[in-house]
Amino acid sequence: MRGAVCGGLLFAAICCGPAAVKKTEPALKIYALKYGESLYPAGLVNSDAPGKYVPLNWLAYLVETPSGKTLVDCGFSDAKLLKRFGIQKFKPVTRILKDLGISADKIDTIIITHTHFDHALDVDKFPNARIVLHAKEYAAPEEAALVNVLPKLKVETVSAPAVFGELSVEPVMGHTKGSLVVWLRARNTVFTGDECYFAAACRKKIPLPAGAVFSADTNRRFIENLSPQAVILTGHETALQNGRWLNGHVFLFL
Ligand SMILES: [Zn+2]
């Protein structure tokens, strides 16, 4: 009997080999990290909702891939700015991550879509992260407080499409002079930063209004060229879909 078992195992090893091993999908997870919410002037976002103000979520994203943990934008925690923008239900991104069991030093890369405070100001709270952003945003950050912060960090600038593991960046330069979007091609997912505020409005091809653009042309081209199949994850989405809330601050996409 023992011989038969051994023979069977030997046969399996020779004839089937590694091909018989069930293929496991590479670990790939996307989380929206909602660090706050507020109302915001409707005239500064792409929206056709009636009224002077629209609700906004304030989001960063965590993307886990075999290459590591990447944040797309990293939020902010400056008390004066939180007050000025009337942000409710605030929790710093570092705390949201901690509740997921991820300490700030475990973040490998932060891709900054653009250097407005809400996307970039907490960039120095992640001691081991490589920071990726457009060269123009590095040279002259939109948020003045970043001028002295960025040169102290491990920064990699881009000025053309570039690949970082499973993610790739594409300069759009519609919202700001060096704004970029981030693609996770394996999921046909695009992280738009503020090139788009609401996916539903982008599907209707509503571009950013004049008060929210550096270049209306490149913003419009980006929105018009988005494939209907692409999953659009924005920096301020309120209608998060195809996933579930793990708690009040974390939405896991399935
Ligand atoms: Zn923003």
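First, a word on scope: everything that follows refers to the structure included in this document. Please read these numbers as outputs of a predicted model, since none were measured by experiment.

A few points about the overall build of the protein chain
Part 1: Counting secondary structure elements, the protein chain contains seven helices and 13 strands.
Part 2: Residues counted as buried form 48% of the 254 residues belonging to the protein chain.
Part 3: Put simply, 64% of the contacts in the protein chain that link residues at least 6 apart link residues at least 24 apart.
Part 4: Surface accessibility of the protein chain: about 12700 Å² in total, with carbon and sulfur atoms responsible for 56%.

Section: helix 7 (residues 216-225)
Part 1: Buried residues of helix 7: N219, F222 and I223, and no others. Viewed end-on, helix 7 has its buried residues packed into an arc of 95°, placing them on one side of the element. Facing away from the buried side of helix 7 by more than 90 degrees, the exposed set consists of R221 and N225.
Part 2: In the core, the buried residues of helix 7 are packed alongside strand 8 (167-171), strand 9 (180-184), strand 10 (189-191) and helix 6 (199-203).

Regarding the pattern of salt bridges
Part 1: Inspection of every chain in the model, using the stated rule, returns 11 salt bridges.
Part 2: The closest approach of N and O atoms between E64 and K69, which form a salt bridge, is 3.6 Å.
Part 3: For E64, a relative accessible area of 16% puts it in the buried group.
Part 4: Overall, K69 belongs to the partly exposed group, its relative accessible area being 25%.
Part 5: Two residues, K106 and D105, come together in a salt bridge whose shortest N-O distance is 3.9 Å.

Re the sheet that holds strand 7 (residues 162-164)
Part 1: Strand order in this open sheet of five strands is 7-8-9-10-11, and the pairing throughout is mixed. On the outer flanks of this sheet lie strand 7 and strand 11 (231-233), each paired with one strand and no other. Between one strand and the next, the sheet's axes are offset by a mean angle of 25°, whatever the strand orientation.
Part 2: Across three bridges, strand 10 lies against strand 11 in parallel orientation. Bridge pairing links V190 to I232 in strand 11.

Section: the state of the cysteines
Two cysteines whose sulfur atoms are joined by a covalent bond form what is called a disulfide.
Part 1: In the structure shown here, the tally under the stated rule is one disulfide.
Part 2: One disulfide in the model links C196 with C202; its S-S distance is 2.1 Å. Negative torsions about the S-S bond denote left-handed disulfides, and the value of about 140° found for C196 with C202 makes this one right-handed. Of the two residues, C196 and C202, both sit in the buried class.

Here's the deal with the environment of D194
Part 1: The residue D194 is located in the loop between strand 10 and helix 6 in this model.
Part 2: When its relative accessible area of 3% is taken as the criterion, D194 is described as buried.
Part 3: For D194 and T176, which are 18 residues apart along the polypeptide, the C-alpha to C-alpha distance reads 8.9 Å.

Quick look at the coordination of the zinc ion
Part 1: Distances from the zinc ion to its protein donors, D118 (OD), H119 (NE2), D194 (OD) and H236 (NE2), fall at 2.0 to 2.3 Å.
Part 2: Spacing between the donor residues of the zinc ion along the chain follows D-H-x74-D-x41-H. Here H236 lies in the loop between strand 11 and strand 12 (243-247) and H119 lies in helix 4 (residues 117-120), a separation of 117 residues in the sequence. The residues H119 and H236 share a single accessibility class, namely buried.

With respect to the pairing of strand 2 (residues 53-65)
Part 1: Taken across its 13 residues, strand 2 has 11 buried, putting it largely inside the fold.
Part 2: In the sheet, strand 1 (residues 29-41) pairs with strand 2 via 12 bridges, with the strands oriented antiparallel. The residue bridging A32 from the neighbouring strand is Y61, located in strand 2.
Part 3: As paired strands, strand 2 and strand 3 (residues 68-72) are joined by five bridges and run antiparallel to one another. Among the inter-strand pairings, L62 is bridged to a residue of strand 3, identified as L71.

Some thoughts on the nonpolar core
Part 1: In terms of nonpolar packing, the biggest core is built from 44 residues, with L71, I110 and F126 touching the most fellow members.
Part 2: Of all the secondary-structure elements, those providing two or more residues to this core are strand 1, strand 2, helix 2 (79-84), helix 3 (93-99), helix 4, strand 5 (130-134) and strand 13 (250-253).
Part 3: No other element matches the five residues that strand 2 contributes to this core.
Part 4: Discounting residues that sit within four places of it in the chain, F126 has contacts with L71, C74, V93, T94, L97, A104, I107 and I110.
Part 5: Core analysis: the next-biggest nonpolar cluster, separate from the first, contains 21 residues, I30, L167, F191 and L240 among them.

Parameters at a glance
Residues numbered from 1 in each chain as written. Predicted model: local features only at pLDDT ≥ 70, side-chain atom pairs only at ≥ 80, totals over all residues. Heavy atoms only, no water. Helix = DSSP H or I, 4+ residues; strand = E, 2+ residues; numbered from the N terminus. Buried < 20%, exposed > 50% of the residue type's maximum accessible area, 1.4 Å probe, protein only. Contact = heavy atoms within 4.5 Å. Areas by Shrake-Rupley, 256 points an atom, 1.4 Å probe, with all protein chains shown as cover. Arc of directions from axis to C-beta. Salt bridge = Lys/Arg side-chain N within 4 Å of Asp/Glu carboxyl O. Pairing = 2+ DSSP bridges. Axes fitted to C-alpha atoms, helices over the stretch in contact; angles between N-to-C directions. Disulfide = S-S within 2.5 Å. Donors = N, O, S within 2.8 Å, 3.2 Å for Na, K, Ca; no water. Core = buried A, V, L, I, M, F, W, Y, C linked by side-chain atoms within 4.5 Å.

In short, the description is geometric, and any link to function would need to be established separately.
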